[in-house]
Amino acid sequence: MARRVWLPFEDEATAIAALGALPEGIVADYYQRDGELPASIREVELLVAPYMAPPLPLLERIDEMTSLKVIQLQSAGYDNY
């Protein structure tokens, strides 16, 4: 079964250029901090938050992320989250 993740990149090509290929079994959706959230909001299990970005609008819709298990921050502090 594939795991769905959200990555804070413009698109797949940009993500691959930064991270390399994703491991088998990972399905990614991409979003921008000021853009619309992916339609897979009920399936996302791992959310990688944008670097040093305020948590909104992500946290405004957290109750819809019924499969969410992990929010990965890209900084040491977590005060905003």
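Residues numbered from 1 in each chain as written. Predicted model: local features only at pLDDT ≥ 70, side-chain atom pairs only at ≥ 80, totals over all residues. Heavy atoms only, no water.

Colleague: How should helix H1 (residues 12-19) be read in this particular structure?
Modeller: Since the α-helix turns once every 3.6 residues, residues separated by three or four places project in the same direction. Measuring from the side-chain oxygen of the N-cap residue of H1 to the backbone nitrogen of Ala13 gives 3.3 Å; that N-cap residue is Asp11. Just downstream of H1, Gly20 is the residue with a positive phi angle, here 90°. (Polar contact = N/O pair within 3.5 Å; in protein donor to acceptor, adjacent residues only side chain to side chain. Helix = DSSP H or I, 4+ residues; strand = E, 2+ residues; numbered from the N terminus.)

Colleague: Please clarify how the sheet that holds strand S3 (residues 46-48) should be interpreted in this entry.
Modeller: Either a parallel or an antiparallel arrangement is found when strands of a sheet pair, and the pairing is made through backbone hydrogen bonds. Spatially, 4 strands are ordered S2-S1-S3-S4 in an open sheet, and the strand pairing comes out parallel. Sheet topology places strand S2 (26-30) and strand S4 (70-72) at the edges, where each strand pairs with a single neighbour. Neighbouring strand axes in the sheet, compared pairwise and without regard to direction, differ in orientation by 20° on average. Judged from the 5 bridges that link them, strand S1 (residues 3-7) and S2 form a sheet pairing that is parallel. Looking across to S2, one finds that Trp6 is bridged to Asp29. (Pairing = 2+ DSSP bridges. Axes fitted to C-alpha atoms, helices over the stretch in contact; angles between N-to-C directions.)

Colleague: Explanation requested: the pattern of salt bridges in the structure shown.
Modeller: Pairing between side chains becomes possible if they bear opposite charge and their charged atoms approach one another. Throughout the structure, instances matching the rule amount to 4 salt bridges. For Glu64, the salt bridge is made with Arg61, and the minimal N-O distance between the two is 2.8 Å. Through salt bridges with shared partners, one network takes in Arg3, Glu45 and Lys69. (Salt bridge = Lys/Arg side-chain N within 4 Å of Asp/Glu carboxyl O.)

Colleague: Would you explain the side chain of Glu45 in this entry?
Modeller: Looking at the element boundaries, Glu45 is found in the loop between S2 and S3. Its relative accessible area of 11% is what places Glu45 among the buried residues. There is a polar contact of 2.7 Å between the side chain of Glu45 and the side chain of Arg3. Residues in contact with Glu45, not counting those within four places in the same chain, are Met1, Ala2, Arg3, Arg4, Ser67, Leu68, Lys69 and Val70. (Buried < 20%, exposed > 50% of the residue type's maximum accessible area, 1.4 Å probe, protein only. Contact = heavy atoms within 4.5 Å.)

Colleague: Would you mind showing me how to read the packing of aromatic side chains here?
Modeller: Each pair of aromatic rings is reported with the distance of its centres and the angle of its planes. Tallying each qualifying case throughout the model produces 1 aromatic pair. Summarising the aromatic geometry, the rings of Trp6 and Tyr31 are spaced 5.9 Å apart at their centres and angled 55° between planes, so their arrangement reads as tilted. Placement of the pair is Trp6 in strand S1 and Tyr31 in the loop between S2 and S3, with a sequence separation of 25 residues. In this pair, the class of Trp6 matches that of Tyr31, namely buried. (Phe/Tyr/Trp six-rings, centres within 6.5 Å; stacked < 30°, edge-to-face > 60°.)

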